[in-house]
Amino acid sequence: MDYKKSNAPTNTVTRNMMELCEDTGNVYETVAIIGKRANQIAVEMKTDLSKKLQEFASYNDNLEEVFENREQIEISRYYEKLPKPTLIAAQEYVEGKVYYRNPAKEKDKLQ
């Protein structure tokens, strides 16, 4: 899912943990799933931001020639205003857009 089109809230939201863990039956497993998805989103956001800011990189060795680039500032502000990766991951989990599996549980079912 594209994190830019997410309808996740930008503020922290209090959630009922019993409702969140209905699928897995385990609060800790649910938190681990959301945490791993949040890490994936954070890495994706970081690489996108790095690619966009790389265009404005200056390779001069002179430290006195530091100048502000309006486009670079606007890109940085845009990424700062996006919801945090944990909020996006939690919203994806609630909406059922996160695929997860537990190999240990699958192994138990096969035996």
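This text goes with the structure placed above it.
In this report, we go over the structure that sits alongside the text. (Residues numbered from 1 in each chain as written. Predicted model: local features only at pLDDT ≥ 70, side-chain atom pairs only at ≥ 80, totals over all residues. Heavy atoms only, no water.)

## Here's the deal with the pattern of salt bridges
Between side chains of opposite charge, a pair can form as their charged atoms come close. Per the counting criterion, the structure on display carries three salt bridges. One salt bridge in this structure joins Arg-77 and Glu-74, with 3.7 Å as the shortest N-O distance. Here the residue Arg-77 and the residue Glu-74 both occupy positions in helix α3 (residues 70–81), the gap between them amounting to three residues, near one helical turn. In this structure Arg-77 comes out as partly exposed when scored by relative accessible area, which is 43%. For Glu-74, a relative accessible area of 41% puts it in the partly exposed group. Glu-95 is paired through a salt bridge with Lys-97; the nearest N and O atoms lie 2.9 Å apart. (Salt bridge = Lys/Arg side-chain N within 4 Å of Asp/Glu carboxyl O. Helix = DSSP H or I, 4+ residues; strand = E, 2+ residues; numbered from the N terminus. Buried < 20%, exposed > 50% of the residue type's maximum accessible area, 1.4 Å probe, protein only.)

## Overview of the layout of surface pockets
By volume, the largest pocket amounts to about 280 Å³. Broken down by element, the residue count for the lining of the largest pocket peaks at six residues, all from helix α2 (residues 27–54). Residue composition of the lining of the largest pocket, grouped by class: six nonpolar, two polar and six charged. (1 Å grid on protein atoms, 1.4 Å probe; cavity = no way out; pocket = protein on both sides within 12 Å on 5 of 7 lines; lining within 4 Å. Points joined across faces, edges and corners; volume = space filled by probe spheres on them. Nonpolar A, V, L, I, M, F, W, Y, C, P; charged D, E, K, R; others polar.)

The analysis is restricted to geometry; functional conclusions fall outside its scope.
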